[in-house]
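Topology and contacts: notes
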Amino acid sequence: MPLLTDILTGTEHTKMCLIEDTVQQTGTPLVKAFITQLATRHARVIVLLNEDFVANFLRGFDSSTVDKLAVIDDYTDPLGWERENSQSATEQLFGSVHDGTAVVICSLSSLLFRTPLQKVCRLLRRIADSKDGPLPLVATVHRDLHDEATLLQLEYMASTVVMVNSNMECSLLHKRSSGKVLRKVEVLRVDKSYAVASCIETAMLASSAAGPAAAAAEPVASLPFSIIPQRDAEREARSRLVLPYTQQQRKADSSGGQIFYQPDDVDDFDEEDPDDDLNI
């Protein structure tokens, strides 16, 4: 089964999923697919909405999904000028969090425009370290609106990063709790009710990696001078060669006078890669 499908259905656990989209390709279908799946596994899904009207955002969801959604409107009055109570949208979010709750933030970009990055990161960490235990968290960010340092900080906190490209081609970076890192490229299709219609792994990751892999196979190709590759017979003869002034020479000839040389720490006696210091 494709990795993205496993993450959507909860088969593959993730603490925080960061969805990165652009102006040219929105990640809203993927976000709504996450909400649909979260609603089937959790008693409540809290959505912090700051880029769309509530009615527009809920359009297309099944009634069973809508019944489980608690949408906090941070779009029509982001500064709280018309808010009856004094609680901010984030304070309402934490007041609604409890055991069995999942959290979706649409999107972090709007928060970052009026809130420092450090406070946004503390917000995400506070959700992850909730007193009711780790809560599933899905957040979106528009990667073409922020600098690389901001995106790297958010990606560092996330256990799953999904970069949405054209035609809903999703580049995934998934960090398992065991430390293993998975990279996939998959194409997602959702139906009108935001259920997963298809998710197919593509071979584009392998083809895009062919260039660096080919360069790694020939690390000396870019050097200004030529190096003649060794033949198999030369490699075998080289491996059998006993170097002078080493302990191997001492063992080979135990009679008569001997010279024993103890290598210093700065000496390079790596027979596997004698040119390691050249960094090629």
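One structure accompanies this document, and this report is about it. Since the model is a prediction, treat every value here as computed from it, not as a measurement. (Residues numbered from 1 in each chain as written. Predicted model: local features only at pLDDT ≥ 70, side-chain atom pairs only at ≥ 80, totals over all residues. Heavy atoms only, no water.)

Along the backbone of the chain there are eleven helices and nine strands. Taken over 280 residues, the chain has a buried fraction of 35%. Long-range pairs, those at least 24 residues apart, make up 61% of the contacts in the chain between residues at least 6 apart in sequence. When the accessible surface of the chain is totalled, it reaches about 17,100 Å², and 52% of it is carbon and sulfur. (Helix = DSSP H or I, 4+ residues; strand = E, 2+ residues; numbered from the N terminus. Buried < 20%, exposed > 50% of the residue type's maximum accessible area, 1.4 Å probe, protein only. Contact = heavy atoms within 4.5 Å. Areas by Shrake-Rupley, 256 points an atom, 1.4 Å probe, with all protein chains shown as cover.)

A separate point is the nonpolar core. By size, the foremost hydrophobic cluster in this structure holds 32 residues, and its most contacted members are Leu4, Leu30, Ile35, Val45 and Val104. Of all the secondary-structure elements, those providing two or more residues to this core are helix 1 (3-9), strand 1 (16-21), helix 2 (28-41), strand 2 (44-49), strand 4 (101-106), strand 6 (160-164), strand 7 (169-175) and strand 8 (181-190). Looking at which element gives the most residues to this core, the answer is helix 2, with seven residues. Setting aside residues no more than four positions away along its own chain, Val45 makes contact with Ile35, Leu38, Ala39, Lys68, Leu69, Ala70, Ala102 and Val104. Ranked by size, the runner-up nonpolar core spans 28 residues in total, among them Ile46, Leu93, Val103 and Leu123. (Core = buried A, V, L, I, M, F, W, Y, C linked by side-chain atoms within 4.5 Å.)

Turning our attention to the sheet that holds strand 1. In space, the nine strands of this open sheet follow the order 3-2-4-5-1-6-7-8-9, with mixed pairing throughout. One side of each edge strand has no neighbouring strand; the edge strands of this open sheet are strand 3 (69-73) and strand 9 (196-201). For this sheet the average axis-to-axis angle between neighbouring strands, irrespective of direction, equals 20°. One ladder, built from five bridges, connects strand 6 with strand 7; its direction is antiparallel. Paired with Thr160 across the bridge in strand 7 is His174. (Pairing = 2+ DSSP bridges. Axes fitted to C-alpha atoms, helices over the stretch in contact; angles between N-to-C directions.)

A complete count under the given rule lists zero disulfides for this structure. The thiol of Cys17 is unpaired, and the distance to the nearest cysteine sulfur, on Cys170, comes to 9.6 Å. With no disulfide of its own, Cys170 lies closest to Cys199 among cysteine sulfurs, the gap being 7.1 Å. (Disulfide = S-S within 2.5 Å.)

On to a nonpolar patch on the surface, then. Together, Val23, Phe113 and Leu145 make up an exposed nonpolar region whose accessible area comes to about 330 Å². You can see Val23 is positioned in the loop between strand 1 and helix 2. Val23 sits in the exposed class, given a relative accessible area of 64%. (Patch = residues over 30% accessible without salt bridge, like charges linked within 9 Å, V, L, I, M, F, W, Y side chains within 5 Å. Salt bridge = Lys/Arg side-chain N within 4 Å of Asp/Glu carboxyl O.)

Right, let's get into the pattern of salt bridges. One side chain can pair with another of opposite charge once the charged atoms of both are near each other. In total, this model carries three salt bridges according to the counting rule given. Note that Asp74 is salt-bridged to Arg114, the shortest N-O span being 2.2 Å. In this pair, Asp74 is assigned in the loop between strand 3 and helix 5 (89-96) and Arg114 in helix 6 (residues 108-114), connecting sequence segments 40 residues apart.

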